[in-house]
Amino acid sequence: MITPVLLCGGSGTRLWPLSRKSYPKQFASLIRDKTLFQACAERLSGPGYTAPLVLTNSDFRFIVTQQMSEIGIDPGAILIEPDGRNTAPAILAAALWLERIDPDVLMLIAPADHVIPDGDAFGAAVSAGVDAAKSGQLVTFGIKPTHAETGYGYLELSEKTADFSPRPIGLKRFVEKPDAQAAQDMVTSGRFLWNAGIFLFSVKTILDAFRAHAPDMMTAVQSSTKSGKTDLGFFRLDLRHWKRVPDISIDYAVMERADNLSVVPFDGGWSDLGGWDAVWRETEQNADGVATSDHATAIDCENTLLRSEHDGVELVGIGLKNIIAVAMQDAVLVADASHAQDVKKAVTTLKEKQVTQAEAFPKDHRPWGWFETLVTAHRFQVKRIVVNPGAALSLQSHHHRSEHWIVVQGTAKVTIDGSIQLITENQSVYVPVGAVHRMENPGKLPMILIEVQTGAYLGEDDITRYDDDYSRQ
């Protein structure tokens, strides 16, 4: 059996404004109806696979459980990283967790934000690497290049191959992201594959590799795992020891130093959606190379991506060539397609300007549902709040604001200073400043209400919690 290890803690800033720190690309429906995370979990499920082990951060833990529940998959465990430290510490933590169950089990490391349309072909590639992994090889998966891409690292094969059928081949070396000419030379040579960052190995093999090549990291992550705590079904790695863990990828920490490496070629279609140009390539296009979403219209355009991510924003492009335009209710990106990789620079610039949209998503996802701000002005704010069936907000109070709640769908069970009442559609309730209150959804469908806040300070940190189903501080 193979245990999938799903890595889903990244921020995906190259797909801003859709992907942001508070809600990154792996949880978005970028290409199809399901999110990238859900597609990854489904692809690595079924016969031959155990329940997946998921690594994420605290902010995403309830998004992970909700999205897995939606597709009917129960995770084997969800490990919470106290802070992002790249792939090496995450993979090591997963291996140490699985060692307690079975040191010989095979681990399939999979970033949860990749697109692999042909799941069966990928499954065949994984099967082709099983024997090598069982024999003590560190198996990686390399993608047959379709063009000279400068945004990916490369894997140099130990031999030139006439075909790219899935079978283990010796791996000579890892190559950093090249310039355009080097990328073209590598693709032409037939000895290089794209580095997908997907790995297969046994728990014992990868732990031996960490002991040999990164012993200091081994000590710190072991301590963090041993001192970790279970929290509402999640396992939190210990922050005190985790702080000593370096921020380093698995390639740098282990793979580039190891000599027991094999690569399985994969020629079934793949993308890490590392930029909007990659999204354009993976999206259905018309005869002029134009890809549009709902609420987007192209007139006399060529080789262009137009996406509106909000049903209240209609995006129209006229006479555009090689343009990427992505519109949301709070931010718009317009870029020449050749500069798709520079979106990350834009996010850095916005952060320096302290622009909220740099990292905060319009919808704020919470364990009980989500909310979005509709209007913000001096001394008042209006929000739409959606509460999942059976869910409840914390019992809380505010020092600086009062709130008016108007239910527009479903029924709300409202507690205010110990008094409990049911509020149905078209009814409202007032929560004074300082009142201890709670809102619950006792129904079987999502409950929606409009919240009007008034007061001198309306920040989300003006919350004193007395009781919380989700153990938030």
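Quick caveat: nothing in here was measured; it's all calculated off a predicted structure.

Draft legend 1. Structural detail: the packing of aromatic side chains. Counted by the stated rule, this structure contains 13 aromatic pairs. For the ring pair Phe27 and Phe37, a centre distance of 5.7 Å and an interplane angle of 65° mean the geometry is edge-to-face. Note that Phe27 is positioned in the loop between β1 (2-7) and α1 (36-43) and Phe37 in helix α1, a separation of 10 residues in sequence. A relative accessible area of 0% places Phe37 in the buried class. Between Trp97 and Phe235 the ring centres are 4.9 Å apart and the planes differ by 55°, which places this aromatic pair in the tilted class. One end of the pair, Trp97, is in helix α3 (residues 87-99); the other, Phe235, is in strand β10 (residues 234-236), and 138 residues separate them in sequence.

Draft legend 2. Here's a closer look at the sheet that holds strand β17 (residues 332-336). One open sheet holds the four strands; their spatial order is β12-β14-β16-β17, and the pairing between them is mixed. Every other strand in the sheet has two partners, leaving β12 (290-292) and β17 as the edge strands with one partner each. Across the sheet, the mean angle separating the axes of adjacent strands is 5° when strand polarity is ignored. Across three bridges, β12 lies against strand β14 (residues 304-308) in parallel orientation. In the sheet register, Thr292 faces β14, and the bridge partner there is Leu306.

Draft legend 3. Structural detail: the pairing of strand β5 (residues 138-143). Among the six residues of β5, six are classified as buried, and the element is accordingly described as predominantly covered. Along β5, one buried face is formed by Leu138, Thr140 and Gly142 and the opposite face, lined by Val139, Phe141 and Ile143, is buried too. Two strands pair when backbone bridges link them, and β5 and strand β11 (residues 261-266) are joined in this way by six bridges, in the parallel orientation. Looking at β11, one finds that Phe141 is bridged to Val264. Of the strand pairs in this sheet, β5 and strand β8 (residues 192-202) are connected by four bridges, and their pairing is antiparallel. Bridging across to β8, Thr140 finds its partner in Phe199.

What counts, and where the lines are drawn
Residue numbers restart at each chain and count upward from 1, following the sequence in its written direction. Totals for whole chains, interfaces and linings use all residues, but because this is a predicted model, local features are given only for residues with pLDDT of at least 70 and pairs of side-chain atoms are given and counted only at 80 or more. Only hydrogens and water are removed before side-chain values are computed, so all heavy atoms of the structure are retained for them. Centres within 6.5 Å make a pair out of two Phe, Tyr or Trp rings, where for Trp the six-membered ring is used; the pair is then stacked when the planes are under 30 degrees apart, edge-to-face when over 60, and tilted otherwise. Only runs of H or I of at least four residues qualify as helices and only runs of E of at least two qualify as strands under DSSP, and these elements are numbered from the N terminus. Each residue is placed in one exposure class: buried if its accessible area under a 1.4 Å probe, protein chains only, is under 20% of its type's maximum, exposed if it is over 50%, and partly exposed if it falls in between. One requirement defines pairing of two strands: DSSP has to find at least two bridges between them. The convention used is that axes are lines fitted to C-alpha atoms, helices contributing only their stretch in contact, and that angles between N-to-C directions extend from 0 to 180 degrees.

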